[in-house]
Structure formats: C-alpha cells, structure tokens
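Listed below, chain by chain, are the residues.
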Amino acid sequence: MQSVSTKPYLIRAIHEWCSDHDFTPYLVVAVRGKMQVPTEYVKNGEIVLNISYNATRNLNLGNDYVSFSARFNGVSRDITIPVGAVVSIFSRENGEGMGFEYEGPTDGEQEDAPESAPASKDDGGDEPPPSRPSGGRPSLRVVK
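For every chain, the first residue of the written sequence is number 1, and numbering continues from 1 onward in sequence order. Residue-level local features of this predicted model are given only where pLDDT is at least 70; pairs of side-chain atoms are given and counted only at 80 or more, and the full residue set underlies all totals for whole chains, interfaces and linings. Processing note: side-chain calculations cover all non-hydrogen atoms of the structure and skip hydrogens and water entirely.

Novice: A description of the side chain of Thr24 should follow, citing residues and the corresponding values.
Specialist: By definition, any uninterrupted DSSP run of H or I lasting at least four residues is a helix, any uninterrupted run of E lasting at least two residues is a strand, and each is numbered from the N terminus. Along the chain, Thr24 turns up in the loop between α1 (7-20) and β1 (25-30). Setting aside residues up to four positions removed in sequence, Thr24 forms contacts with Asn50, Ser52, Phe90, Ser91, Arg92 and Glu93. Residues are treated as being in contact if the distance between any of their heavy atoms lies within 4.5 Å.

In structure tokens:
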C-alpha cells in the first residue's frame, strides 16, 4: 500500500488556522522548472505568496496542486504550484507555521504546471510579497 502524504492536509490546516485568527497565510515555494508563477518575483529560487482569501480568487488547496488567481502589479495572474514544491506556510503577523522538505517530481510526473489546472494568486497590491520574518532561510522546522 502506498503512503499518502500529510503535506496537503497540513497546508490546509495551517491556512485555516491563519484565516480563523485573522492572520495572513504566506506560502514559500521552491521554484523549479517551468512552474506557473510570476518569475519576476522569484528570489534565490523561491517565491513567497500571500494566499489569504482577500488576496486570492478561486483558491484551491488540493492534494496535488495549490492553485488560485491573484494580482501582481495590477495584473491578474493564474498560479499553479505542485504541493511537493511548497517549502513552508506561515503567518505574516507572527511567523508561526510549518516547514516542509522540498519534494521533487516523482517518476513520470512533470514539474510543469498542468494545462488543465490553472490557478492564480492575488496579493491585492502593487508591492511584491514581503520576505520571510527572519529575512533569511525559513526558521520553521519539522517537529516529530
């Protein structure tokens, strides 16, 4: 029997926790290959995205992909991210959240976003998303 990843469930749980407490959930994504993200906001191979309900449209936190529509510099963009590329999810206000290991594509799986699952992110402003609270690598760690 194949093991099912808990990662998409934990992402949804942290997103819900942030939303319930009026915190702003941010997603850190390792950008590899031809992902469907605005490349002009990628720094050091990562992009930080505001995935609050106010900043996104049609947010879908699925088991395989995170997808939504968002505005970047006033232009609506569709964003599609493989769940395996999510490095962390955290609250902008207090930095609490969860970090994950990057999971590359499995055999036969493409790293590119599928044509049939478009999504986008809207940060609601003209500014690029802020950097992590620590300003460096994520300080989140997996607790067992």
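Now that the structure has been shown, the text picks up again.
Novice: Just give me the short version of the nonpolar core, but keep the residues and values in it.
Specialist: Burial of nonpolar side chains together is a common tendency in soluble globular proteins. Ile11, Leu27, Val29, Leu49, Val66, Phe68 and Ile81 are the most contacted members of the largest nonpolar core, which has 25 residues in total. Secondary-structure elements contributing two or more residues to this core are α1, β1, β2 (46-50), β3 (57-61), β4 (65-72), β5 (75-82) and β6 (86-91). The element that contributes the greatest number of residues to this core is β4, accounting for four residues. One finds Tyr26, Ala30, Val87 and Phe90 within the second-largest nonpolar core, a separate group that totals six residues. Take the buried residues of types Ala, Val, Leu, Ile, Met, Phe, Trp, Tyr and Cys, join any two whose side-chain atoms come within 4.5 Å, and each joined set is a nonpolar core. Accessibility here uses a 1.4 Å probe with only protein chains present; expressed as a share of the type maximum, an area under 20% marks a residue as buried, one over 50% as exposed, and anything in between as partly exposed.

Novice: Kindly report on the sheet that holds β5, identifying the contributing residues and their values.
Specialist: Strand order in the open sheet made by the three strands is β3-β4-β5, with antiparallel pairing throughout. A strand with exactly one partner marks an edge of an open sheet, and here the two such strands are β3 and β5. The sheet shows a mean angle of 25 degrees between the axes of neighbouring strands, direction not considered. Pairing between strands is defined by DSSP: at least two bridges between them are needed. Angles here are taken between N-to-C directions and fall from 0 to 180 degrees, while the axes themselves are lines fitted to C-alpha atoms, restricted in helices to the stretch in contact.

Novice: Could you give me a rundown of the pairing of β3, with the residues and numbers involved?
Specialist: Taken together, the three bridges between β3 and β4 define a ladder with antiparallel strand orientation. Paired with Leu61 across the bridge in β4 is Val66. Count of turn residues in the β3/β4 antiparallel hairpin: three residues.

Novice: Account for the confidence of the model for the protein chain, naming residues and giving values.
Specialist: Note that predicted coordinates carrying low pLDDT should not be read in detail. For the protein chain, mean pLDDT is 79; residues scoring 70 or higher make up 71% of the total. For every residue, the predictor assigns a confidence score, pLDDT, that lies between 0 and 100. In the predicted structure, residues 106-135 sits below a pLDDT of 50 and forms 83 contacts with residues beyond four places in sequence or in another chain.

Novice: Can you explain α1? Please cite residues and give values.
Specialist: Between its first and last C-alpha, α1 extends 20 Å over 14 residues, near the 20 Å set by a 1.5 Å rise per residue. By the burial criterion, the buried members of α1 are Lys7, Pro8, Ile11, Ile14, His15 and Cys18. Taken down its axis, α1 places every buried residue within 130 degrees of arc, on the same side. Of the residues in α1, the exposed ones pointing more than 90 degrees away from the buried face are Glu16 and Asp20. On its buried face, α1 sits against β1, β3, β6 and β7 (97-99). Just downstream of α1, Asp22 is the residue with a positive phi angle, here 55 degrees. A helix is expected to span 1.5 Å for every residue after the first. Picture the helix axis, draw a direction to every C-beta atom, and the arc is the one those directions span.

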